[in-house]
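These are the residues of each chain, in order.
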Amino acid sequence: QLQLVESGGGLVQPGGSLRLSCAASGFSLDHYAIAWFRQAPGKEREGVSCISRSGSSTNYADSVKGRSTISRDSAKNTVYLQMSNLKPEDTAVYYCAADPTPYRFTCNTRDEAHEYWGQGTQVTVSS
C-alpha cells in the first residue's frame, strides 16, 4: 500500500521550533514533488511549502517565509519541514502530499495536483 505518514507535531510555546517529517512507505518519493498544507478548524486548507523532485526548487507561503525550511532526504524516503519562531496562527493540522505529474521539475501547492495525502499531524502553538 502507498502511505505518507506525518510526525513531529505537538504543543510548543510561541517562538519555539518544530521539525515535521513526512515519511513514505510502499513507494519512493524520488519522482514526486512534495507539498505541505495546513488546516485550522473552521478555515480552508492552505499551502505552506513545497519542494521539487530534485530538491532544487522550493516555495513558501508568505505567512511562513523566513521561518521555515523544507528539505528532503532520498535515502530516508522522507521530506521535512523545519519551522521556527512559531506563532499562534501556525496552529493547525499539517498534511504532506505527493504530486506524481511527469516532467514537472518545480512544485506547487495546488491540492488537486496531489494524489497521495497523509493523515496529518497536529501543531499547537500556545503559551
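Predicted, not measured: the structure shown is a model, and the values here were computed from it. (Residues numbered from 1 in each chain as written. Predicted model: local features only at pLDDT ≥ 70, side-chain atom pairs only at ≥ 80, totals over all residues. Heavy atoms only, no water.)

1. Concerning the packing of aromatic side chains
In step 1: Summed over the entire model, instances satisfying the criterion amount to four aromatic pairs.
In step 2: Taken together, a centroid distance of 5.2 Å and an interplanar angle of 70° make the contact between F27 and Y32 edge-to-face. Per residue, the accessibility class of F27 equals that of Y32, and both read buried.
In step 3: With 4.7 Å between their ring centres and 35° between their planes, F37 and W117 make a pair best called tilted. Of this pair, F37 sits in strand 4 (residues 33-39) while W117 is found in strand 10 (residues 116-117), placing the two residues 80 residues apart along the sequence.
In step 4: Here F37 falls in the buried class, since its relative accessible area comes to 2%. (Phe/Tyr/Trp six-rings, centres within 6.5 Å; stacked < 30°, edge-to-face > 60°. Buried < 20%, exposed > 50% of the residue type's maximum accessible area, 1.4 Å probe, protein only. Helix = DSSP H or I, 4+ residues; strand = E, 2+ residues; numbered from the N terminus.)

2. Examining the pattern of salt bridges
Proximity of charged atoms lets side chains of opposite charge pair with each other.
In step 1: The full count for this structure, using the stated rule, is seven salt bridges.
In step 2: For R45, the salt bridge identified is with D111, shortest N-O distance 3.5 Å. One end of the pair, R45, is in the loop between strand 4 and strand 5 (46-51); the other, D111, is in the loop between strand 9 (92-99) and strand 10, with 66 residues separating them in the sequence.
In step 3: Take D111: its relative accessible area is 36%, and that puts it in the partly exposed class.
In step 4: We note a salt bridge from D99 to R104, for which the minimum N-O separation is 2.6 Å.
In step 5: Taken together, the shared-partner salt bridges in this structure form one network comprising R38, E46, R67 and D90. (Salt bridge = Lys/Arg side-chain N within 4 Å of Asp/Glu carboxyl O.)

That is the geometry; function is a separate question.
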